[in-house]
Amino acid sequence: MQHILDKALRQGRSVTGLGEVASYIPELSKADKNHVGVCVMDSVGGCFEAGDVEERFTIQSISKVVSLAVALELYGMEAVFGQIGMEPSGDAFNSIVKLAGDASRPYNPMVNSGAIAVASFIAPELTFDEMLERTREMCGDPDIVLNEAVYHSEMATTSRNRAISYLLESKGVLRCGVDEALELYIKMCSLNVTARSLAYLGLLLANGGIRLQDGKQLLQPETVRVVKSIMHTCGMYDGSGEFAVRVGVPTKSGVGGGLLSVVNKRMGIGIFGPSLDKKGNSIAGEKILQFLSAQMKLHVFD
Ligand code: GLU
């Protein structure tokens, strides 16, 4: 395994020059695009790492997985999906097009509109500190904190998400005020994680919501099944279909360069690589997952 991972890392590193770090959130442009790290945790307690696995970066859209899981635990599937769709949108993560048209609700919880709606479900029930605690627990990482610089940088430049939030409010989708929903959404996006924390979360999902270390059920099996399905169909922005065909491992990406992958019943994979392709996915991360999937037969239909 370590040998395969080292090889995968080399492949990942070879393509970092082909992408760019995100810059629409100004603070993110400070990332070093040469960073690449990958961590695999398997269901028999193995942990394998290569590259920059201790580097902290903001979780960004991967927090949509955490928030969806929490909303499902709080309200159940019917209530959540009564307000938010389950279909891949085929549009960019921050698209406003369908919502500005006649769509009555967000396409799915992995695009910004859906995740802001999810945040509005959570905000009346849980504080940000409680969400932070849950994230730490699900990632097995007590050192996760809010990256204040990234949070303020996004807050100052988030006109588009604000526009999305007002559209959601106008369609009666929000369960709290625009400011409250947006604050929780962006704070969740601004949590500092590592490739290792994401691998831990991946393994928790692979393991049906049961924490491997002590057998504690942290998430209900139903929640985890829904979350993995949505990651598989909608987790890679408007590249989700192609990724599902080529790699076939349920994955969620974030513009901070993170990738969270779940190989059902077998392993969790966390990757960091801030150089992004045009769709906003980690370019090294995709290469690494393609390699690992082929080498270890990880495709969901292998
Ligand atoms: N906080 C980011 C935004 O709303 C998350 C985007 C992402 O990672 O896809 O634009």
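Before reading on, note that the structure itself is shown above.
Rules and cut-offs
Residues numbered from 1 in each chain as written. Predicted model: local features only at pLDDT ≥ 70, side-chain atom pairs only at ≥ 80, totals over all residues. Heavy atoms only, no water. Helix = DSSP H or I, 4+ residues; strand = E, 2+ residues; numbered from the N terminus. Buried < 20%, exposed > 50% of the residue type's maximum accessible area, 1.4 Å probe, protein only. Contact = heavy atoms within 4.5 Å. Areas by Shrake-Rupley, 256 points an atom, 1.4 Å probe, with all protein chains shown as cover. Lys, Arg positive; Asp, Glu negative; His and termini not counted. Charge placed at Lys NZ, Arg CZ, Asp CG, Glu CD. Expected span 1.5 Å × (residues − 1). Arc of directions from axis to C-beta. Near = heavy atom within 4 Å. Polar contact = N/O pair within 3.5 Å; in protein donor to acceptor, adjacent residues only side chain to side chain. Nonpolar A, V, L, I, M, F, W, Y, C, P; charged D, E, K, R; others polar. Pairing = 2+ DSSP bridges. Axes fitted to C-alpha atoms, helices over the stretch in contact; angles between N-to-C directions. Parallel < 35°, antiparallel > 145°, perpendicular 65-115°, else oblique. Left-handed = near helix turned anticlockwise from the far one by under 90°.

What follows concerns the overall build of the protein. Of regular secondary structure, the protein possesses 13 helices and 7 strands. By residue count, 58% of the 302 residues in the protein fall in the buried class. Taking contacts inside the protein between residues at least 6 apart in sequence as the whole, the part at least 24 apart equals 69%. Carbon together with sulfur atoms contributes 50% to the accessible area of the protein, which is approximately 11,900 Å² in total. Considering the protein, the positive charge centre built from 29 side chains and the negative charge centre built from 34 side chains are found 6 Å apart.

Between its first and last C-alpha atoms helix α1 (residues 2-13) spans 16 Å; for 12 residues at 1.5 Å apiece the expected length is 16 Å, and the two agree. Those residues of α1 that fall on the buried side of the exposure criterion are Ile4, Leu5, Ala8, Leu9 and Gly12. All buried residues of α1 fall inside an arc of 140° around its axis, so they share one side. Among the exposed residues of α1, those pointing more than 90 degrees away from its buried face are His3 and Arg10.

Neighbouring the ligand are the residues Tyr24, Gln60, Ser61, Phe93, Asn112, Glu154, Asn161, Tyr185, Cys189, Tyr237, Gly254 and Val255. For the ligand, an oxygen atom lies 2.6 Å from a polar atom in the side chain of Tyr24. A distance of 2.7 Å separates an oxygen atom of the ligand from a polar atom in the side chain of Tyr185. Burial of the ligand by the surrounding chains reaches 99%, relative to a free accessible area of 300 Å². Split into classes, the residues belonging to the shell around the ligand amount to 6 nonpolar, 5 polar and 1 charged.

Before going further, it helps to examine the sheet that holds strand β7 (residues 267-272). Taking strand neighbours across the sheet as the criterion, the 5 strands line up as β2-β1-β7-β6-β5 in an open arrangement whose pairing is antiparallel. Both outer strands of the open sheet, β2 (47-51) and β5 (251-253), are each paired with one neighbouring strand and no more. Each adjacent strand pair in this sheet contributes to an overall mean axis angle of 10°, direction not counted. Across 5 bridges, the pairing between strand β1 (residues 37-42) and β2 is antiparallel. Along β2, the bridge assignment pairs Gly37 with Gly51. Contacting β1, β2, β6 (258-263) and β7, helix α10 (residues 195-206) runs over the sheet at an angle of about 155° to β7.

So, on to the packing of helix α2 (residues 63-75) against helix α5 (residues 112-122). Two elements in contact, α2 and α5, have axes whose closest approach is 9 Å; the angle formed by their N-to-C orientations is 45°. It follows from the interaxial angle that α2 and α5 lie oblique. Seen along the crossing, α2 lies across α5 with a hand that is left-handed. Across from Lys64, Ser67, Leu68, Val70, Ala71, Leu74 and Tyr75 in α2, the residues of α5 making contact are Asn112, Ala115, Val118, Phe121 and Ile122. In the contact of α2 with α5, the residues fall into 9 nonpolar, 2 polar and 1 charged.

We now examine the side chain of Ser275. Its location among the elements puts Ser275 in the loop between β7 and α13 (283-296). Within the local environment of Ser275, its side chain forms a polar contact with the backbone oxygen of Thr16, the two atoms lying 2.6 Å apart. Not counting residues within four places of it along the chain, the set of residues in contact with Ser275 comprises Thr16, Gly19, Glu20, Val21, Lys33, Asn281, Ser282, Ile283 and Ala284.

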